[in-house]
Amino acid sequence: MVRTIVFLVMLIATPAGSAVTRAQSGSDVRPSVYELVINGERFQIEANRLIKLKSEKNPGTGYDVALRIAPSQRLRLNAVQFDYDWLSRVQDDHGRDRRTARLTHELGFTMLITDMGQPLPAEATDKVLKIVADSVGETFTGLQMKKINVGQPRNRTFTGTSGRWVAIRYRDEQDSGHTCLVYVLNGPSFAVSCVIQYVDDDLEDVKTLIKKTLDSFRPLR
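Residues numbered from 1 in each chain as written. Predicted model: local features only at pLDDT ≥ 70, side-chain atom pairs only at ≥ 80, totals over all residues. Heavy atoms only, no water.

(A) Representation of the packing of aromatic side chains. If you walk through the whole model with that rule in mind, you get six aromatic pairs. Taking the centre distance of 4.2 Å and the plane angle of 40° together, the rings of F140 and Y170 count as tilted. Of the two residues, F140 sits in helix α2 (residues 122-142) while Y170 sits in strand β13 (residues 162-171), which places them 30 residues apart along the sequence. As far as burial versus exposure is concerned, F140 and Y170 are alike and both buried. Seen in terms of ring centroids, F158 and Y183 are 5.5 Å apart; in terms of plane orientation they differ by 70°. Their pairing is edge-to-face. You can see F158 sitting in the loop between β12 (154-157) and β13 and its partner Y183 sitting in strand β14 (residues 177-186), a full 25 residues away along the chain. Residue Y183 is classed as buried on the basis of its relative accessible area of 3%. (Phe/Tyr/Trp six-rings, centres within 6.5 Å; stacked < 30°, edge-to-face > 60°. Helix = DSSP H or I, 4+ residues; strand = E, 2+ residues; numbered from the N terminus. Buried < 20%, exposed > 50% of the residue type's maximum accessible area, 1.4 Å probe, protein only.)

In structure tokens, the structure reads:
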């Protein structure tokens, strides 16, 4: 009896020093051999290959196994978890009070996500939004970006959160347009800020990936 099993592996962020964390943080050496456990029986398999396994505990039983990396990965911070595209490089500062992860995607956009712990009251949400947006605006001014325009704060709701956001737009030295979106969002048991930057010409390519992450914020399980 042969059973076909295809695994889409979600590489979960684990404490610093593990092979998975090194892979997510941009190491040149990534795991290529995995241990698969089926009904207590252990097998070693290689990624991205269809492999035929034979059970020693149950003669006559076999498995056709394929192990692939899932296109959507998951990162757990202190109070919140979220999904992101697997083509992103992840940097996690492992902070205790304010833990921040930076996602840099191959398409060129970035997301700076900060876990702020417990949900914020409305007045605090606006205050934090202003602090973050002012800091971002000062950075662009210091870099001598041109035509910096800061929009008005607005309400926004995603699948698991709601809060406030503001758009900051500017032009670089080559006169290319850029957009920075600053969000402060509250979930049922967490608050998170998210600063997103992308080149305006790339919007159609990146907007679905960005929204997928924004819709995925949820409490730790």
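So that's the structure; there's more coming.
(B) Layout of helix α3 (residues 203-215). The end-to-end C-alpha distance of α3, which contains 13 residues, comes to 17 Å, matching closely the 18 Å that a straight helix rising 1.5 Å per residue would cover. Regarding α3, the residues found buried are V206, I210, T213, L214 and D215. Each element contacted by the buried residues of α3 is listed here: β7 (80-85), β10 (110-117), β14 and β15 (191-199). (Expected span 1.5 Å × (residues − 1). Contact = heavy atoms within 4.5 Å.)

(C) Layout of the confidence of the model for the protein chain. In the predicted model, the protein chain carries a mean pLDDT of 87, and 86% of its residues have values of at least 70. Across residues 9-26 the pLDDT falls below 50, and counting only partners more than four positions away or on other chains, this stretch makes 40 contacts in the model. (pLDDT = per-residue confidence, 0-100.)

(D) Structural context of the environment of L220. Here L220 is to be found in the segment after β16 (218-219). Residue classification places L220 among the partly exposed residues on the basis of a relative accessible area of 35%. In this structure, the C-alpha to C-alpha distance between L220 and F82, residues 138 residues apart in sequence, is 9.1 Å. When residues no more than four places from it in sequence are discounted, the contact partners of L220 are R76, L77, N78, A79, V80 and Q81.

(E) Region of the structure containing α2. The first and last C-alpha atoms of α2 sit 30 Å apart over 21 residues, in line with the 30 Å expected at 1.5 Å per residue. Those residues of α2 lying buried are T125, V128, L129, V132, A133, V136, G137 and F140. Mapping the buried residues of α2 onto a view down its axis gives an arc of 165°, with all of them on the same face. Structural note: α2 exposes E123, K127, K130, I131, E138 and G142 on the side pointing more than 90 degrees away from its buried face. (Arc of directions from axis to C-beta.)

(F) Focus on the pattern of salt bridges. Following the criterion strictly, the structure yields 12 salt bridges and no others. Here D134 and K130 are joined by a salt bridge, their closest N and O atoms 2.7 Å apart. Taken together, the positions of D134 and K130, both in helix α2 and four residues apart, correspond to about one turn of that helix. Of the residues examined, K130 reaches a relative accessible area of 52% and is grouped as exposed. We note a salt bridge from K146 to D175, for which the minimum N-O separation is 3.9 Å. Here the residue K146 occupies a position in strand β11 (residues 146-150), and D175 occupies one in the loop between β13 and β14, the gap between them amounting to 29 residues. Residue K146 is classed as partly exposed on the basis of its relative accessible area, which comes to 36%. For D175, a relative accessible area of 37% translates into the label partly exposed. One salt-bridge network, held together by shared partners, links R74, D83 and R218. (Salt bridge = Lys/Arg side-chain N within 4 Å of Asp/Glu carboxyl O.)

(G) Expanded view of unusual backbone geometry. The phi torsion at N48 lies on the positive side, around 60°, for a residue other than glycine. The residue N48 is located in the loop between β3 (41-46) and β4 (50-54) in this model. The phi dihedral of H94 is positive, around 55°, even though this residue is not glycine. Within the secondary structure layout, H94 lies in the loop between β8 (88-92) and β9 (99-105). Since its relative accessible area comes to 35%, H94 is described here as partly exposed.

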